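Residue-level structure breakdown
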Protein chains: 2
Amino acid sequence: MTHMTSDTDARPLADVFAADCPSRRILTHVSSRWGGLALIALRPGSLRFSELKRRIGGISERMLAQTLQQLEADGLIARRDHGEVPPRVDYRLTPAGQEIAARYFELAGWIERNLPDLLAGARPPVA
Amino acid sequence: MTHMTSDTDARPLADVFAADCPSRRILTHVSSRWGGLALIALRPGSLRFSELKRRIGGISERMLAQTLQQLEADGLIARRDHGEVPPRVDYRLTPAGQEIAARYFELAGWIERNLPDLLAGARPPVA
DNA sequence: CGGGATACTTACAAATATGTTTGTTCTTCC
DNA sequence: GGAAGAACAAACATATTTGTAAGTATCCCG
């Protein structure tokens, strides 16, 4: 395993500017309408399909299923089928998913916390 | 001005789960196909329209204009028209834009740096 | 004078994302 | 015996996003 570069590395992100870089695909999934919400929802712990559906207000079953499949294919969440009947399946973040969820959470969290200032068009008092 | 809650506050983000929360709109713009890239591109400093277009490979003029207008309306970037002819306009991040760009940059950066591990489906060694 | 650059805008068309409805296969509850 | 819940899949319709091509006004360059 290669060592991970530091999180504060500030290289210009050359690749992500390239239209055909695979990182774009993952970034797209993560920041799709439901992808990020699903990741955030799973941060506290694993959830079942129906629990996720109830928690992420407004999502349809089709979208939830599709979103979960994408994130699973990207290796960000893990699906566990208990093989019972009636069906019982739950989802949880993989280690990579936790890393990404944490970062998306910071983004969403900052926006939410500073929403009043943003809506007012006022420049929030940057630290 | 209200005081800002700390950046490491880990509340569950109740609002963002609500379909009609305004934070969704901003989050959508930021994480739209081009929004985040534009923010990242502007991190080093202001750029003109055509410079942005060249830097963000693959973007059309239409999309760039639209993206910039959204981000401007959200108060994340500032547009300055030099009033010259031929036109000369440049864009730069507002303080709020810098905050958000920094967080999006961390997300995109982490993905890009750990891309090999992600593509391999291997769980990266989380710190 | 023709050509190119600048920063867009406005149709129009295609691609993608999302939603709705129905169905499946069992089980438990009333 | 219905009825409801579980975790989806498939078909179909629509909405939203994105792209393409062309046009606008003005200037400078050769």
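The sections below set out a description of the structure shown in this document.

What counts, and where the lines are drawn
- Residues numbered from 1 in each chain as written.
- Chains lettered and ligands numbered in written order.
- Predicted model: local features only at pLDDT ≥ 70, side-chain atom pairs only at ≥ 80, totals over all residues.
- Heavy atoms only, no water.
- Helix = DSSP H or I, 4+ residues; strand = E, 2+ residues; numbered from the N terminus.
- Buried < 20%, exposed > 50% of the residue type's maximum accessible area, 1.4 Å probe, protein only.
- Contact = heavy atoms within 4.5 Å.
- Areas by Shrake-Rupley, 256 points an atom, 1.4 Å probe, with all protein chains shown as cover.
- Pairing = 2+ DSSP bridges.
- Axes fitted to C-alpha atoms, helices over the stretch in contact; angles between N-to-C directions.

To continue, consider the overall build of chain A. The secondary structure content of chain A amounts to six helices and three strands. For chain A, the N- to C-terminal ordering of α and β elements is α-α-β-α-α-β-β-α-α. Taking all 127 residues of chain A together, the buried fraction comes to 44%. Contacts spanning at least 24 positions in sequence make up 44% of the contacts within chain A whose residues lie at least 6 apart. When the accessible surface of chain A is split by element, carbon and sulfur atoms take 50% of a total near 6,500 Å².

Time to look at the pairing of strand E3 (residues 89–93) of chain A. Residues and elements named next belong to chain A. The buried fraction of E3 amounts to four of the five residues, a majority that puts the element mostly inside the structure. Summarising the sheet, strand E1 (residues 47–48) and E3 pair through two bridges and their orientation is antiparallel. Across the sheet, residue Leu47 finds its bridge partner in E3, namely Tyr91. Across five bridges, strand E2 (residues 77–81) lies against E3 in antiparallel orientation. Looking at the pairing, Asp81 lines up with Val89 of E3.

Turning our attention to the sheet that holds strand E1 (residues 47–48) of chain B. Residue and element names in this part refer to chain B. The sheet built from three strands is open, its strands ordered E1-E3-E2 with antiparallel pairing. The sheet terminates laterally at E1 and strand E2 (77–81), the two strands that pair on one side only. Helix H2 (residues 35–42) rests against E1, E2 and strand E3 (89–93) of the sheet, and its axis sits at about 90° to E3.

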